[in-house]
Amino acid sequence: MRIGLLSLIVLSSTGLVGTAGVLGVVDYFAGDLPSIESLQSTKLTQTTRIFDRNGNLIEALYHENRTVVPLSKVSTKLQRATIATEDRTFYSNSGVDYRRLLIAIAYDLTHHSGTLGGSTITQQVVKNDVLDTEEAQSRTVSRKFRELLLAEELERRYSKQQILELYLNTISYGNGAYGAEAAAQTYFQVHASDLTWGQASFLAGLPQAPSDYDPFGSPEQLAAAKWRWRGVLDGMVTVGDLSRTEADTLYKSDMIDKMVAAHKALPAAHSPLTAHFVDYIERYITQRYGEKALYEGGLRITTTLDLATQSLADKWVKAGVNTYAKRSVNTGAMLVMNPADGEILAMVGSADYNNAAIRGQINLTGVDKLGWRGVGSSFKIYTYAAALQAGLVTPATLTNDETGVIGGHTFNDWDGKHEGWITLRTALAQSRNLPALWTYRHEGGARVISLMHNLGVTAAIENPEGVATTLGHDPISMAEHLAAYSAFDNGGYKIGPHPVLRVTDAEGKVLEAFDASAGRAQVVSPELGYMMTDLLRGPVKLSLGAAFAAKPVAGKSGTTEAYTGSIFIGYTPNLAVAASLMHIDDGPTCKSGFAYLATNFPPSGWQCPTSVLFGENVGQSVWRPFLEEYYTTHQWPAMWVQPPGVVTRQVCTYDGGYVSSGGFNEIFLKGIGEPNYPCGANPHPGAAPYVPPAPSPSASPTPSPH
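Residues numbered from 1 in each chain as written. Predicted model: local features only at pLDDT ≥ 70, side-chain atom pairs only at ≥ 80, totals over all residues. Heavy atoms only, no water.

Visitor: Which parts of the structure should I look at to understand the side chain of His276?
Guide: Structurally, the position occupied by His276 is in helix 15 (residues 275-289). Judged by relative accessible area, His276 falls into the buried class, the value being 5%. Side-chain polar atoms of His276 contact the backbone nitrogen of Gly349, separated by 3.4 Å. In this structure the side chain of His276 is engaged in a polar contact, spanning 2.8 Å, whose partner is the backbone oxygen of Gly360. (Helix = DSSP H or I, 4+ residues; strand = E, 2+ residues; numbered from the N terminus. Buried < 20%, exposed > 50% of the residue type's maximum accessible area, 1.4 Å probe, protein only. Polar contact = N/O pair within 3.5 Å; in protein donor to acceptor, adjacent residues only side chain to side chain.)

Visitor: Which parts of the structure should I look at to understand the environment of Lys591?
Guide: Turning to its location among the elements, Lys591 is positioned in the loop between strand 18 (575-582) and helix 25 (615-630). Note: C-alpha distance between Lys591 and Thr610 (19 residues apart in sequence) is 9.7 Å. Excluding residues within four positions of it along the chain, Lys591 makes contact with His583, Asp585, Asp586 and Cys608. (Contact = heavy atoms within 4.5 Å.)

Visitor: What is the right way to look at the sheet that holds strand 6 (residues 331-337) in this model?
Guide: Sheets are built from strands paired through backbone hydrogen bonds, the pairs being either parallel or antiparallel. The sheet built from five strands is open, its strands ordered 7-6-18-17-16 with antiparallel pairing. The strands lining the two open edges of the sheet, one partner per strand, are strand 7 (344-348) and strand 16 (554-559). Sheet twist, expressed as the average angle between the axes of neighbouring strands with direction ignored, equals 5°. Bridge count between strand 6 and strand 18: seven bridges; the pairing is antiparallel. (Pairing = 2+ DSSP bridges. Axes fitted to C-alpha atoms, helices over the stretch in contact; angles between N-to-C directions.)

Visitor: Honestly, the pattern of salt bridges in this entry has me stumped. Any pointers?
Guide: Taken as a whole, this structure holds 24 salt bridges when the rule is applied. Of the charged contacts, one joins Arg649 and Glu674 as a salt bridge, the two residues approaching to 3.1 Å between their closest N and O atoms. With Arg649 in strand 19 (residues 646-651) and Glu674 in the segment after strand 20 (664-669), the pair connects residues that are 25 residues apart, well separated along the chain. Here the salt bridges do not stand alone but share partners, grouping Asp401, Asp413, Asp415, Glu419 and Arg432 into one network. (Salt bridge = Lys/Arg side-chain N within 4 Å of Asp/Glu carboxyl O.)

Visitor: What should I look at first to understand the packing of aromatic side chains in this one?
Guide: Each aromatic ring pair is summarised here by two numbers: the centre-to-centre distance and the angle between the ring planes. Applying the stated criterion to the full structure yields 17 aromatic pairs. Centre to centre, the rings of Tyr571 and Trp640 are 6.0 Å apart; their planes meet at 90°, and the pair counts as edge-to-face. Taken together, the positions of Tyr571 in strand 17 (residues 566-572) and Trp640 in the loop between helix 25 and strand 19 put the pair 69 residues apart, joining distant regions of the chain. Taking relative accessible area as the criterion, Tyr571 reaches 1% and is therefore assigned buried. Linked through ring pairs, Tyr187, Phe188, Phe202, Phe216, Trp229 and Tyr251 together constitute an aromatic cluster. Here the guanidinium or amino end of Arg288 rests over the ring plane of Tyr284, the centre of that ring lying 3.6 Å away. (Phe/Tyr/Trp six-rings, centres within 6.5 Å; stacked < 30°, edge-to-face > 60°. Lys NZ or Arg CZ within 6 Å of the ring centre and 35° of its normal.)

Visitor: For this particular structure, what's the right way to read the confidence of the model for the chain?
Guide: Caution applies to low-pLDDT regions: their predicted coordinates should not be interpreted in detail. On average, residues of the chain score 89 in pLDDT, and 88% of them are at 70 or above. Note that residues 11-20 has pLDDT below 50 and, in this model, eight contacts with residues that lie over four places away or in other chains. The low-confidence segment residues 699-706 (pLDDT under 50) makes zero contacts with residues lying over four places distant or belonging to another chain. (pLDDT = per-residue confidence, 0-100.)

Below, the structure written as structure tokens:
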């Protein structure tokens, strides 16, 4: 091979390359040389970057970590250091430095070395970006001949600046960094345009053997990287780019120590803080644009996530787990959304993404079916909303918390008590089971499930006609559940959880931009939304304290059977939040220590009881403190405004009928939902006869002074 190449050099030096025959050979080998545009935009893979809504980098995704930049955005210091190190005759050679190649061949022959050196920058571009991988790695005379001819042809077609730009965008610098911009970011967290002499000279030495010169690797690799840097600095002194004093000063600096320390301080590549959200984004982009675009397309994905809110949500999920660890809680989740359009502001899919013992990588916010779980009594809002919408009940309707046998089955509440006949408002505020069960039976499951689906919850319900459905044992998506609640908050509009604001390609072309108004559909009336919101302020007042009673906060707790999971879900006028706590084990066996509480189903690692844990506990330890801290840096919104279609009427406590005085004020849906009977006309079963209140005695007239 060496002799063959030596012959080629002799032929070239005698002018035979200029003959018509050899020109035909050149045309044969170089005729399919791609355009410089093709090399830059089609063949070069680029890094996709995911940002939060404020432009903070969340994660970079790539097969080759590369960001293509024009030569004007690569420091001239790196350009000069690269030329001094790789190809000192770059601006004067024709793509092949035959003198340098001859010296390299002679060295190989005399030293019996297998190394075939002498490649120019242009030859390296041909090898890395024109020849296919198999051909580039072959060590045949024909391959080297093709490389030399293509290098000269590349020089004839393109300028030195174009070739240098391509080289600086394609060469590997190690640690997954391809190209100058990725290398500058990987090693020094700066742009390629901002590199200093020390940084530029260090990077210029890496492409020769990036795996050997790895400053983040073993002590031997770090020492090799320093040795290589010394050689580059010496070369720059030789060509006059640096003085000997400048080179020595750079080498004795603490630049490498600082670089290694900064690298160690960087967060993990797949940060557990945002890992579930990044997984969600990866699926979202892959479904729309394909895996190649995700890992090689250089996309810029601006998401809806707010990293500050994400950190806050993660903090309070972990705090809740810690608070109830003695009750065997080991994981939890939180989802935070804009209730107006579904933008996801925070997503905590588990207490620890990297903890396999709790199945930490399963996203419990339910953006995929693996994370769907029962939601307990928070399901009751669908039961009551459907009945209110149909005009079957009002907030003042007396509901049955007396009779526990329904359809041959016996039901009880957590406290084993019956409160008799209580208003729907009271029943919802106290989350009484029997009133919800009787309301569900009265209206029929089809009505409830239809409303639930219209609001965006896609789960199939196992037994829609079974009244126990209202107790929320069916697994559903927390994300869809929260979006459905949001419709009551936003005036009745259906929304879905949405993670992306904008996607642009490597050239800056906008591929998609979120339009909150597109496809906006109203699924319930603003009047019903307001009424449900007003009703949901009741649970907040009872379970979250007086401080929240005066705030625009609505919500509902949910506790699943045998405490396999507890949730608190609700909203303010500009924020929707769902939080949950539970115990999960990685295997088939429940190891919480409370498996015996599961008397109606077989416990498992996925359905594993804790000790007594109510949704109200989640509200107090996770949901409320999150909101309190969130609104220390955000202004509390104004209270909801009662729409004209919601009216206030005075009704009596006996049966919710209308009275002119002596009753209490309640809100109603105008027309269909107003009380249409007088007090005493609709007694509940077993009620004592209605006795109208005695009229107040008239006041005696005051005598006239005359």
